[in-house]
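As a plain string of letters, each chain reads:
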Amino acid sequence: MRFLVGGREISRESRINEEIRARELRVIDSNGEMVGIMSRSEALELAEQRKLDLVEISPNAKPPVAKILDYGKYRYELQKREKEAKKKQKTIQVKEIRLSTFIEEHDILVKAKTASKFLKDGDKVKVSLRFRGRERDYVNRGRQVMNSFAEACGEYGVMDKKPSFEGRSLTMFLSPKPAEKHKKSKDNEK
C-alpha cells in the first residue's frame, strides 16, 4: 500500500524514526516547508520536540528526504479516504433474463420492462433463449425474438454482444447507455 504525503508517495515499507539509516537527511516540516540538511539525530530530535514522527519519503535522493508528520493520524485519514472512495464505487452486476422461442409480443415487453429497470440501475443484462428439442429448427424465429427484445430495451441499453450460440442457447448481452444520455432524457421529461 502507498501513501501520498506532500505530493510524494510513501510506501508502507518506509522507514520511520529510528529505522532510518542515512547519516544526513533533507528534512521537511509538517507544514511542507524545507528545514534543511541535518544529521539523523538532529532530525529525530526535532521530530521528538514537535511530538511527531520522522518518515523517510525519498530514500534514493542524495541526501535522502524525510518529512516530519504524525504518521498514525495520517494513516487513519488515508484509511478514511479509501473507505469513502469504496462507498462511491458502483459494482456492476450481470442480471439474466430468459426467453423462449415462441414467446408472445406482450411477454417480450414485460420482460423488456424488467431488463430496463436493471439497465437503469447500471447493471448489465444477459439475455438467453434456450432451444429445446425440435425448436432448434426455428433459429431464425429465435433471432427475431432477440432482436425485438433488444429494440424494446433500446431506450436504456445498448447491445454489447450480438446474439450468438453457446451450446443450445442463443445469448446476447445488453449494457446501460452512458449516463449523460440518461440525464438529458430525464431533464427533458421535467
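K.L.:
Sorry, what's going on with the sheet that holds strand S10 (residues 169-176) here?
P.N.:
Sheet strands pair via backbone hydrogen bonds, and the direction of the pair is either parallel or antiparallel. In space, the four strands of this open sheet follow the order S7-S8-S10-S9, with mixed pairing throughout. Strand pairing shows two members of the sheet lacking a second neighbour, strand S7 (94-99) and strand S9 (157-166), which therefore form its edges. Adjacent strand axes in the sheet meet at a mean angle of 20°, parallel and antiparallel pairs treated alike. Bridging between S9 and S10 involves seven bridges; their strand directions are antiparallel. Counted as the bridge partner of Gly157 is Pro176 from S10. Across the sheet, helix H3 (residues 105-120) touches S7, strand S8 (124-130), S9 and S10, and the angle it forms with S7 is around 175°. The strands touched by helix H4 (residues 139-152) are S7, S8, S9 and S10; relative to S10, the strand with the most contacts, the crossing angle is about 10°.

K.L.:
When you look at the pattern of salt bridges in this model, what are you seeing that I'm missing?
P.N.:
Opposite charge on two side chains makes pairing possible when the charged atoms of those side chains draw close. On inspection of all chains with the given rule, the structure shows six salt bridges. Residues Arg50 and Asp29 are paired through a salt bridge, measuring 3.8 Å at the closest nitrogen-oxygen approach. With Arg50 in the loop between helix H1 (40-49) and strand S5 (53-58) and Asp29 in the loop between strand S3 (24-28) and strand S4 (34-39), this pair connects stretches of sequence that are 21 residues apart. The partly exposed category is assigned to Arg50, whose relative accessible area is 37%. Between Lys161 and Glu166 there is a salt bridge whose closest N-O contact spans 3.0 Å. We classify Lys161 as partly exposed; its relative accessible area is 30%. Looking at Glu166, the relative accessible area reads 40%, which means it is partly exposed.

Conventions used here
Residues numbered from 1 in each chain as written. Predicted model: local features only at pLDDT ≥ 70, side-chain atom pairs only at ≥ 80, totals over all residues. Heavy atoms only, no water. Pairing = 2+ DSSP bridges. Helix = DSSP H or I, 4+ residues; strand = E, 2+ residues; numbered from the N terminus. Axes fitted to C-alpha atoms, helices over the stretch in contact; angles between N-to-C directions. Contact = heavy atoms within 4.5 Å. Salt bridge = Lys/Arg side-chain N within 4 Å of Asp/Glu carboxyl O. Buried < 20%, exposed > 50% of the residue type's maximum accessible area, 1.4 Å probe, protein only.

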